[in-house]
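# Breakdown of the fold
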Amino acid sequence: MKNLAFFSMGLAVLAFTGCTQDEAEMQSATGRTPITFVSSVTQTRSANTSLQKVQIASGVEVGVFAKSGSAYITNGDNAKLTADGNGNFTGTRLYFPTDGSAVSVNAYAPYSAAFSGKDGEAVAFSVAADQSSDAGYLKSDLLCGAPTGDNSFTKDNPIVALNFVHKLSKLTIKFTLGDDTDVDLKGAVVNIVNTLPTTSLKVSDGTVGSASGSATTIKAVTFASDATT
């Protein structure tokens, strides 16, 4: 049984790319090798919505933890990156340690400062009370990611491939018109009631906690005032 009812879809992210010219020039100038994060998406289960179906949506902020051994590398504690919708990220630049030591990486989305310093702890996460817009949906779409296979990267292997999965359940609502052809949904609002809105995520291993919090109402759909039947 899933921990929390939520509007989401299965998502897997596997990234492969090379260093850009800017990154190569920066490496030459600083003597340090930047860590490259990019992504592509493999759909893992059927979905009837295009939102985040083939890629992390543009503007979604991702939190990244990068460690050498048990210690965060410089800027590696909950570094904020922003997806561009095309498999790339901008934001805080991370570099491999100059001593050549390996780095492990874990990530999650959407970004929250509450996770800082706590990648190995269960951190509370609550879905938005209004998910009738793309913004509300994306704020509630809890993802957790780690590299597929060996989670160990060095400056000789600077491309980190993250595999993101959705941690909450997708709820699909379908409307069908019955015998009453006079049904009018103009301006109608659809709510999901008695929902426990909070869970927790441990980024280091993707563990999700039980649903908690006070039962609340989640706004799922708001029909346009000029909607047809």
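These notes cover the structure that comes with them. (Residues numbered from 1 in each chain as written. Predicted model: local features only at pLDDT ≥ 70, side-chain atom pairs only at ≥ 80, totals over all residues. Heavy atoms only, no water.)

### Focus: the overall build of the chain
- Scanning the chain from N- to C-terminus turns up two helices and 15 strands.
- Summing over all exposed atoms, the chain offers an accessible surface of approximately 11,600 Å²; the carbon and sulfur share of this is 48%. (Helix = DSSP H or I, 4+ residues; strand = E, 2+ residues; numbered from the N terminus. Areas by Shrake-Rupley, 256 points an atom, 1.4 Å probe, with all protein chains shown as cover.)

### A word on the environment of Arg 32
- Positionally, Arg 32 belongs in the loop between helix H1 (21-30) and strand E2 (36-38).
- Judged by relative accessible area, Arg 32 falls into the partly exposed class, the value being 33%.
- Once the C-alpha coordinates of Arg 32 and Gly 100 are considered, the two residues, 68 residues apart in sequence, prove to be 10.0 Å apart. (Buried < 20%, exposed > 50% of the residue type's maximum accessible area, 1.4 Å probe, protein only.)

### With respect to the sheet that holds strand E9 (residues 122-126)
- Read from one edge of the open sheet, three strands run E9-E13-E14, paired in antiparallel fashion. Every other strand in the sheet has two partners, leaving E9 and strand E14 (207-208) as the edge strands with one partner each.
- Pairing between strand E13 (residues 198-202) and E14: two bridges, direction antiparallel. Counterpart to Lys 202 in the pairing with E14 is Thr 207. (Pairing = 2+ DSSP bridges.)

### Topic: the packing of aromatic side chains
- Tallied over the entire structure, the rule returns three aromatic pairs.
- Note on Phe 65 and Tyr 72: the rings are 6.1 Å apart at their centroids and 35 degrees apart in plane angle, and the pair reads as tilted.
- Its relative accessible area of 29% is what places Tyr 72 among the partly exposed residues.
- Among the aromatic residues, ring-to-ring pairing joins Phe 65, Tyr 72, Tyr 108 and Phe 115 into one connected group.
- In this structure, Arg 32 packs its charged tip against the face of Tyr 95, placed 3.9 Å from the ring centre. (Phe/Tyr/Trp six-rings, centres within 6.5 Å; stacked < 30°, edge-to-face > 60°. Lys NZ or Arg CZ within 6 Å of the ring centre and 35° of its normal.)

### As for the side chain of His 166
- Locating His 166 in the fold gives a position in strand E11 (residues 159-166).
- Within the structure, the side chain of His 166 is placed 2.5 Å from the side chain of Asp 141, a separation counted as a polar contact. (Polar contact = N/O pair within 3.5 Å; in protein donor to acceptor, adjacent residues only side chain to side chain.)

### Quick notes on the pattern of salt bridges
- The tally for this structure, following the rule as stated, stands at two salt bridges.
- As a salt-bridge pair, Asp 119 and Lys 67 come within 3.1 Å of each other at their nearest N and O atoms. Here Asp 119 is found in the loop between strand E8 (104-109) and E9, whereas its partner Lys 67 is found in strand E4 (residues 61-68), with 52 residues between them in sequence. Each member of the pair, Asp 119 as well as Lys 67, carries the same accessibility label: buried.
- One salt bridge in this structure joins Asp 205 and Lys 202, with 3.8 Å as the shortest N-O distance. (Salt bridge = Lys/Arg side-chain N within 4 Å of Asp/Glu carboxyl O.)

### Focus: a nonpolar patch on the surface
- Taken together, Leu 171, Ile 173 and Phe 175 make up a surface patch of nonpolar side chains, about 230 Å² in accessible area.
- With respect to the element layout, Leu 171 can be found in the loop between E11 and strand E12 (189-195).
- With a relative accessible area of 32%, Leu 171 lands in the partly exposed category. (Patch = residues over 30% accessible without salt bridge, like charges linked within 9 Å, V, L, I, M, F, W, Y side chains within 5 Å.)

### Re the environment of Ser 39
- Structurally, the position occupied by Ser 39 is in the loop between E2 and strand E3 (41-42).
- Judged by its relative accessible area of 9%, Ser 39 falls in the buried class.
- The spatial distance from the C-alpha of Ser 39 to the C-alpha of Asn 88 is 6.1 Å, given a sequence separation of 49 residues.

Honestly, that's just the spatial picture; any functional story needs more than this.
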